[in-house]
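Residues per chain are reported as follows:
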Amino acid sequence: MPGATAQRTRKLSIFVAVFMAALVVVPVAAMSPARADSTGTADSYMVLLNGSQEEAGFVASPDAENAYAAITGLGGLVTNDMSDQIGGLVVQAGLVDATGLVGLVEQAGLVGLVDQAGLVTQAGLVGEDGLVDSSGLVGLVGLVQESGLVGLVEESGLVESDGLVGLVGLVDDVGLVGLVGLVGLVDEQGLVTFDDALRATGLVAEVSKDFSWKAYDNYSQLVADGQLGVTHPEPGDAGGGPDTDADPLESQQWGMSMIRVHEAHEIQAGAPSVDVGILDTGIDGAHADFVSNETLTSNVDCLRGRDSVFFGPGLGTPDPCVDNNFHGTHVAGIVAARANGVGVVGVAPNVTLVPVKVCDAEGYCYFSSVVDGITYAGDIGLDVINMSFFVDDDEYQQSTEFKCKSDEQQRAFRKAVERAIKYAKGQGVTPVASLGNSATDLADDKKCDVVPAETKYVIGVSALGPQSELSSYSNWGDGAVDVTAPGGNGTTGDPTTTILSTFPGNTYAAIQGTSMSGPHATGVVALIVSHYGEVDEDTGDVEMSFSQVEKVLTESATDIGGEGYDELFGDGRVDALGAVTYGD
């Protein structure tokens, strides 16, 4: 992805750059769904269910059914159900009318009314003596003076009715299902946010409103402003093939020379049965550099492509083989532009590319779209995925590149991505991600990470310039960087210092960033899987575990910098020839 300059300007900076709030679950018949606010507006939320993430899928806790009921009761609509894979749901919901959270439940003898201060009257407590058996209470709130709550449990196990000010319990025929306090969360219109209300039930692990980050600038505007130039090369006359050196722009691909791609192609140029997912803006599937001059077919698999932007609030064409911007096409060319006598050559030109759109036409990458894209990669069993995106510094988003455990919204994002990556890995996916363009030592803050590059089971890649130096913009850090690869270290548009690759509309451009180093490493991983993977006789899929791939990639890398692993380059610069001759 395009990187920032040493001054961290943002030209082409993609990577390329509450307390407790509302409903407790009751049988649907017991109360009507809470109403959305009168404006009719709705937001997108990511909800993570309670349970454990396994590589084979998600094992939900017994309260999952109640969680679904709570979502429905709060007026939520599930638009993307990933519960089997990662226990995740994308939900559309508006503000919740707090008066709809508490109703008359005659069977239980309970009546609760929420006043403007968010407090509940004492009326309707179970039992003529005004006492409630605490053993039937779920989530009983104790003494919280600052919230205006008083709830004291006596030694006898009974709670006096005057100790339940600010609390509401919803009761079914079986017993008390839950206890919730609406204190300080209801606004003057009697409305409460969906995430506050759902979080209060205690029935979900995390809930966060969807959010986006500006990953890259608008392609048309960049060209119009003169910040980006594109090239229209003449087709070459040489025939295609895995060992050709005749593509007309290949001589300008210094990154390929640095990692010995041409020499590797004499042994292995990639297998069509190896599937590489490009999680990005889509791929221009009609680009001439993805078309074989022998079979006249593209190596971009549009049928298995996916528009994950659909599951978030982003904008863009739904066709995964029409690039929403430019970034995905550039990344895809680095990985697998054909050796066909046209334009440039990718690291693994004979593999199959699968476009998965997670970023929209305006350059925003949404939380729910990213999680869906990673999960989908596991669903269809891709072999490798490239993730050249991160939460970039953005004025509106107030610098959210780093996801911190202390922030509820960021914590939900981290956990969702962790689950999705673990699931994808369990389905045979090797995830590769760019480390980011903030020139930051990622080891400095152990509580905040760049996601997904620092997520467990992800190969994180820093960027190099043409002299094999760490790029001025590249992040690094002990434990964060696994390997390094060419990303560029110069001026956008200059192919001698930045990375030349495919752009939409049969064009080419040179840009830079860790978004460019990541796909160089992804291409080498694709060569490794092509060369050493075993074909399943029943499915025809090529199989190679993440640990096996990681071992070959890191142990075949060229050691640069300090001897052995170091904080700038990890285990070294990826080496395509070294990878396909590993162990020889």
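Further up the page is the structure itself.
Residues numbered from 1 in each chain as written. Predicted model: local features only at pLDDT ≥ 70, side-chain atom pairs only at ≥ 80, totals over all residues. Heavy atoms only, no water.

A word on the pattern of salt bridges
When their charged atoms lie close together, side chains carrying opposite charge are able to pair.
And step 1. Counted under the stated rule, the structure contains 11 salt bridges.
And step 2. The salt bridge partner of Asp-275 is Arg-304, with a shortest N-O separation of 2.8 Å. Here Arg-304 lies in the loop between strand E14 (275-280) and strand E15 (306-307) and Asp-275 lies in strand E14, a separation of 29 residues in the sequence.
And step 3. A salt bridge links Arg-414 to Asp-449; the nearest nitrogen and oxygen atoms lie 3.2 Å apart. Taken as a pair, Arg-414 in helix H9 (residues 408-426) and Asp-449 in strand E21 (residues 448-450) lie far apart in primary sequence, 35 residues in all. (Salt bridge = Lys/Arg side-chain N within 4 Å of Asp/Glu carboxyl O. Helix = DSSP H or I, 4+ residues; strand = E, 2+ residues; numbered from the N terminus.)

Observations regarding the sheet that holds strand E5 (residues 88-93)
And step 1. Spatially, the four strands line up as an open sheet ordered E4-E5-E1-E12, and their pairing is antiparallel. Across the chains shown, the open sheet's two edge strands, defined by having one partner strand only, are strand E4 (77-82) and strand E12 (204-209). Along the sheet, successive strands turn relative to each other by an average axial angle of 20°, direction set aside.
And step 2. Sheet analysis places E4 next to E5, joined by five bridges and oriented antiparallel. Across the sheet, Met-82 pairs through a bridge with Gly-88, a residue of E5.
And step 3. In the packing of H9 onto the sheet, the strands contacted are strand E1 (43-49) and E12, and the crossing angle to E12 comes to about 115°. (Pairing = 2+ DSSP bridges. Axes fitted to C-alpha atoms, helices over the stretch in contact; angles between N-to-C directions. Contact = heavy atoms within 4.5 Å.)

Comments concerning unusual backbone geometry
Backbone geometry follows two general trends: most residues other than glycine have a negative phi, and most peptide bonds adopt the trans configuration.
And step 1. For the bond from Val-451 to Pro-452, the omega torsion is 10°, close enough to zero to count as cis.
And step 2. Positive phi values are uncommon outside glycine, yet Tyr-457 reaches one of about 75°.
And step 3. Position of Tyr-457 relative to the elements: it lies in the loop between E21 and strand E22 (459-464).

Comments concerning H9
And step 1. Taking 1.5 Å of rise per residue, the 19 residues of H9 would be expected to cover 27 Å, and the 27 Å separating its terminal C-alpha atoms lies within 8% of that figure.
And step 2. Of all the positions in H9, only Gln-410, Ala-412, Phe-413, Arg-414, Ala-416, Val-417, Arg-419, Ala-420, Ile-421, Tyr-423, Ala-424 and Lys-425 are classed as buried.
And step 3. Gly-428 occupies a position one or two residues after H9 and carries a positive phi of about 95°. (Expected span 1.5 Å × (residues − 1). Buried < 20%, exposed > 50% of the residue type's maximum accessible area, 1.4 Å probe, protein only.)

Some remarks on the pairing of E22
And step 1. Of all six residues that make up E22, six are buried, and the element is covered over most of its length.
And step 2. Of the two faces of E22, the one carrying Ile-459, Val-461 and Ala-463 and the one carrying Gly-460, Ser-462 and Leu-464 are both buried.
And step 3. Where strand E20 (residues 430-434) lies against E22, three bridges are found, and the strand directions are parallel. Counterpart to Val-432 in the pairing with E22 is Ile-459.
And step 4. Relative to strand E23 (residues 483-486), E22 runs parallel, the two sharing four bridges. Across the sheet, residue Leu-464 finds its bridge partner in E23, namely Pro-486.

Some remarks on the side chain of Thr-455
And step 1. Considering the arrangement of structural elements, one finds Thr-455 in the loop between E21 and E22.
And step 2. According to the relative accessible area criterion, Thr-455 is buried, its value standing at 8%.
And step 3. With sequence-adjacent residues up to four places away left out, Thr-455 is seen in contact with Val-417, Glu-418, Ile-421 and Val-450.

Things to note about the packing of aromatic side chains
And step 1. If you walk through the whole model with that rule in mind, you get four aromatic pairs.
And step 2. Ring centres of Tyr-457 and Phe-546 lie 6.2 Å apart, and the angle between their planes is 85°; this geometry places the pair in the edge-to-face category. Here Phe-546 lies in helix H11 (residues 546-555) and Tyr-457 lies in the loop between E21 and E22, a separation of 89 residues in the sequence.
And step 3. Using a relative accessible area of 24% as the deciding quantity, one classes Tyr-457 as partly exposed.
And step 4. One Lys or Arg, Lys-425, reaches over the ring of Tyr-457 and ends 4.4 Å from the middle of that ring. (Phe/Tyr/Trp six-rings, centres within 6.5 Å; stacked < 30°, edge-to-face > 60°. Lys NZ or Arg CZ within 6 Å of the ring centre and 35° of its normal.)

Description of the side chain of Glu-206
And step 1. Among the structural elements, Glu-206 can be located in strand E12.
And step 2. Given the relative accessible area of 7%, Glu-206 is considered buried.
And step 3. In this structure the side chain of Glu-206 is engaged in a polar contact, spanning 2.9 Å, whose partner is the side chain of Arg-411.
And step 4. The residues touching Glu-206, leaving out its near neighbours within four places in the chain, are Met-46, Val-47, Leu-48, Glu-408, Arg-411, Ala-412 and Lys-415. (Polar contact = N/O pair within 3.5 Å; in protein donor to acceptor, adjacent residues only side chain to side chain.)

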